[in-house]
Amino acid sequence: MNAEKRKETYSLHSLLGFLAMGKTGANPPVSAVLTDSDGSILASAHTQIYGGNHAERELYSRYPSPKSDDILSVSLEPCTHFGKTPPCRDLVIERKPKEIKLGWKDPNPLIQSGDWEKYTKVGISVTLDPMLAKVSFPYLQGFLTRIQTERPWVWIKSATSKEGNFASKDKKRERVSSEEVDLILQLLRAKVDAIAVGPGTVVSDSPSLHFRITEEMILSQKPGKRITELEPFFEAGSGLISSLLQYSKETANIHQLEENLYQPYRVFVLDPNHLPSDAFFVKQIELTERIGEKKCIFFIITEDDTKPLSVELENQIQSLSRFEGVTLLPSDGGKFLEILGGLGINTLLCESGSFFPSFLNEELAESDRILEIRNENKSLPDGIPFVYQNEFLISEYQVGSNRIFIRKPQRST
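Residues numbered from 1 in each chain as written. Predicted model: local features only at pLDDT ≥ 70, side-chain atom pairs only at ≥ 80, totals over all residues. Heavy atoms only, no water.

**Remarks on the packing of helix α10 (residues 278-291) against helix α11 (residues 311-320)**
Then, in step 1: With their axes 9 Å apart at the nearest point, α10 and α11 run at an angle of 25° to one another. In terms of their interaxial angle, α10 and α11 are classed as roughly parallel. Note that α10 runs across α11; the crossing there is left-handed. Here Asp278, Phe281, Gln284, Ile285 and Thr288 of α10 come into contact with α11, specifically with Leu313, Gln316, Ser319 and Leu320.
Then, in step 2: Partitioning the contact of α10 with α11 into residue classes produces four nonpolar, four polar and one charged. (Axes fitted to C-alpha atoms, helices over the stretch in contact; angles between N-to-C directions. Helix = DSSP H or I, 4+ residues; strand = E, 2+ residues; numbered from the N terminus. Parallel < 35°, antiparallel > 145°, perpendicular 65-115°, else oblique. Left-handed = near helix turned anticlockwise from the far one by under 90°. Contact = heavy atoms within 4.5 Å. Nonpolar A, V, L, I, M, F, W, Y, C, P; charged D, E, K, R; others polar.)

Here it is in C-alpha cells:
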C-alpha cells in the first residue's frame, strides 16, 4: 500500500470514529475499513446506535462478497462474546480477509483479548497498527477509561473572559463565549455521553444541556488553527478538539439529521435548599417529549444523605429520568463518577462554574482534561477566575477571537 492510500485509510478511520462517537451508548465507537491488496478502499462502516451492528458487522452488510486478498482494519479488536449481536470475530473468520490490522486491544473482560489463534488457524494474519491506534484514540478513550477504571473520561469545561474569569462577582447571567465557537461547542456535546452542571448553574441559568445545531451556528463558525507546535503522539484530548475543528462544518448536516441519536444524558446536581424553579422542570419535560426519551439524571447534594427527598421532587425526577435521584455528600465526587460509569457513561463533560472544580478536584485522573474557551473580546475585570488556568498546557488553538486551551490536571490521583 502506497503512502497516499495509507493516509486516505487513516483519514477515513478518523472521520468514522468521529461520526460514531456520541451515539453508540456504552459500546465503543469503532471504525472499520476494508481495502484490497493495493490499498484501495472497498467498504467502510462504524458502530451503529446501541443495540445495533458493531462496525465489522455493519461493514460486511454493505460488502457481502469479500475477496481472499482483502485487508480489514479495525480501530478496536473484534468482540468475541454474544451480546446484543453475535461475536464479530466469528463473522470476520467467516469472511476471511487476508490480514487484520488492529488499533487497540479490547480491555473489556468479556473479550478474549489477544487470543488470535482462531484467526491464524484459517490463514488470517493479525497485527497491531500504532498509527491506527493514534487516529482512533480520541474516540475510544472514553470507553477504554470506563472499562479500565469503571469511571468516565472526565472533561472540565469553562468559557472565560480575556482576564480568565468565568463569571462576574455578582454571578449575573451573561454570555461569555462568542458565537464563533457555538458550532464546535455543540458538536462537543454530541460527542460526549453526558453533560453535567452543578447546583448554582441549575438555579441561575436553568440550562437545557441538549445538543442542537442551527444554521446561524454554521454560518458563524470561524476556522480554527492549533497554535502549539508539538503534542504527545497518543493525546486523546487534543485529538478530539482537533477533529471538532476539522469536521465541524463537514459533518454539521449529518449531525443535524441525526440530532436525536446524538443527545447526551443531561446530569443535574441539585441543592435541596435551593431547588430550580418550575420553569426549569417544564423546559426539561418539553425536551424529553421532543427527544422521545428520558435522558435526565439527578443527584442531590446534602449534608445528610439519609434524609428522604420530598414527594414533589421525587415526582419531578420520575417524570424526567429512568433512574431515581441519588443523594450525595459534598465529599462524594468519586461515588458520583462511579455511578455514571456504572450507567455506561464513557465520556463526561462537566460545565464548570465553581462546583465541579471543588467536587471532583481529588478525583481527576491524569487522562482527564481541562478545556477553557477564552473570549478575547469579552471583559469581566472584577470577575471570578477559572481555577484551572495554571494546569499543564497540552495544546492551544485559536478560533476567531477565542483561544482554546487543553490542560492536564495536576491534582491527579
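**Description of the packing of helix α1 (residues 3-20) against helix α5 (residues 130-149)**
Then, in step 1: Contact geometry of α1 with α5 gives a least axis separation of 8 Å together with a crossing angle of 20°. As summarised for this structure, α1 and α5 are arranged roughly parallel, according to the angle between their axes. Here α1 and α5 pass one another in a crossing that is right-handed. Of the residues in α5, those touching α1 at Tyr10, His13, Ser14, Gly17 and Phe18 are Met131, Leu132, Val135 and Tyr139.
Then, in step 2: Of the residues contributing to the contact of α1 with α5, the split by class is six nonpolar, three polar and no charged.

**As for the pattern of salt bridges**
Then, in step 1: This structure, assessed with the given rule, holds 15 salt bridges.
Then, in step 2: The partner of glutamate 235 in a salt bridge is arginine 369, and the shortest N-O contact between them spans 2.9 Å. You can see glutamate 235 sitting in the loop between β9 (224-226) and α9 (236-257) and its partner arginine 369 sitting in strand β14 (residues 369-375), a full 134 residues away along the chain. Neither residue differs from the other here; glutamate 235 and arginine 369 are each classed as buried.
Then, in step 3: For arginine 374, the salt bridge goes to glutamate 372, with nearest N and O atoms at 3.0 Å. (Salt bridge = Lys/Arg side-chain N within 4 Å of Asp/Glu carboxyl O. Buried < 20%, exposed > 50% of the residue type's maximum accessible area, 1.4 Å probe, protein only.)

**What to know about the sheet that holds strand β2 (residues 41-46)**
Then, in step 1: Read across the open sheet, the five strands follow the order β2-β1-β3-β4-β5; overall the sheet is mixed. Either end of the sheet is taken by a strand with one partner, and the two such strands are β2 and β5 (125-128). Ignoring strand direction, the axes of neighbouring strands in this sheet form an average angle of 15°.
Then, in step 2: Relative to strand β4 (residues 99-104), strand β3 (residues 71-76) runs parallel, the two being bridged by five bridges. (Pairing = 2+ DSSP bridges.)

**Digging into the side chain of serine 401**
Then, in step 1: Positionally, serine 401 belongs in the loop between β16 (392-399) and β17 (402-408).
Then, in step 2: According to the relative accessible area criterion, serine 401 is buried, its value standing at 10%.
Then, in step 3: A polar atom in the side chain of serine 401 sits 2.8 Å from the side chain of glutamate 180.
Then, in step 4: Residues contacting serine 401, with those up to four places away along its chain left out, are Ser178, Glu180, Arg374, Asn375, Glu376 and Asn377. (Polar contact = N/O pair within 3.5 Å; in protein donor to acceptor, adjacent residues only side chain to side chain.)

**Quick notes on helix α6 (residues 182-191)**
Then, in step 1: Of all ten residues in α6, ten are buried, a share of seventy percent or more.
Then, in step 2: Within α6, burial applies to Asp182, Leu183, Ile184, Leu185, Gln186, Leu187, Leu188, Arg189, Ala190 and Lys191.

**Observations concerning the environment of lysine 378**
Then, in step 1: Inspection of the secondary structure assignment puts lysine 378 in the loop between β14 and β15 (384-385).
Then, in step 2: Distance from lysine 378 to serine 177, taken between C-alpha atoms, is 7.8 Å for residues 201 residues apart in sequence.
Then, in step 3: Every residue in contact with lysine 378, bar those within four places of it in the chain, is listed here: Ser161, Lys162, Glu163, Glu174, Arg175 and Val176.

**Observations concerning the sheet that holds β16**
The strands that make up a sheet are held in pairs by hydrogen bonds between backbone atoms, and each pair lies either parallel or antiparallel.
Then, in step 1: Taken in spatial order, the ten strands line up as β9-β16-β17-β14-β6-β13-β8-β10-β11-β12 in an open sheet, and their pairing is mixed. Among the strands making up the open sheet, the edge pair consists of β9 and β12 (326-328). Across the sheet, the axes of successive neighbouring strands diverge by a mean angle of 25°, strand direction being ignored.
Then, in step 2: Here β9 runs beside β16; their pairing, made up of three bridges, is antiparallel. Paired with glycine 224 across the two strands is valine 399, which belongs to β16.

**A word on unusual backbone geometry**
Then, in step 1: One non-glycine residue, lysine 96, lies in the positive phi region at around 50°.
Then, in step 2: Secondary-structure assignment places lysine 96 in the loop between α3 (88-95) and β4.
Then, in step 3: Positive phi values are uncommon outside glycine, yet leucine 209 reaches one of about 70°.
Then, in step 4: Its location among the elements puts leucine 209 in the loop between α7 (199-205) and α8 (215-220).

**Description of the state of the cysteines**
Then, in step 1: A complete count under the given rule lists zero disulfides for this structure.
Then, in step 2: Of all cysteine sulfurs, the one in cysteine 350 lies closest to cysteine 296, which takes part in no disulfide; the gap is 16 Å. (Disulfide = S-S within 2.5 Å.)

**Quick word on the pairing of β16**
Then, in step 1: Buried residues dominate β16, accounting for six of its eight residues.
Then, in step 2: The turn linking β16 back onto β17 is made up of two residues, and glycine 400 within it adopts a positive phi angle of 60°.

**Some thoughts on the environment of leucine 188**
Then, in step 1: Relative to the elements of secondary structure, leucine 188 occurs in helix α6.
Then, in step 2: Along the sequence, leucine 188 and leucine 240 sit 52 residues apart, while their C-alpha atoms lie 8.7 Å from each other.
Then, in step 3: When residues no more than four places from it in sequence are discounted, the contact partners of leucine 188 are Leu240, Leu244, Leu349 and Leu371.

**Re the packing of aromatic side chains**
Then, in step 1: Summed over all chains, the structure comprises 19 aromatic pairs.
Then, in step 2: On the basis of an interplanar angle of 65° and a centroid distance of 4.8 Å, the ring pair of phenylalanine 299 and phenylalanine 336 is categorised as edge-to-face. With a gap of 37 residues between them, phenylalanine 299 in strand β11 (residues 296-301) and phenylalanine 336 in helix α12 (residues 333-342) connect regions that are remote in the sequence.
Then, in step 3: Between the aromatic rings of phenylalanine 355 and phenylalanine 356, the centroid separation amounts to 5.0 Å while the plane-to-plane angle is 75°, which identifies the pairing as edge-to-face.
Then, in step 4: Over the ring of phenylalanine 18 we find lysine 191; its NZ or CZ atom is 4.4 Å from the centre of that ring.
Then, in step 5: The ring of phenylalanine 392 carries the charged tip of lysine 408 above its face, separated from the ring centre by 5.2 Å. (Phe/Tyr/Trp six-rings, centres within 6.5 Å; stacked < 30°, edge-to-face > 60°. Lys NZ or Arg CZ within 6 Å of the ring centre and 35° of its normal.)

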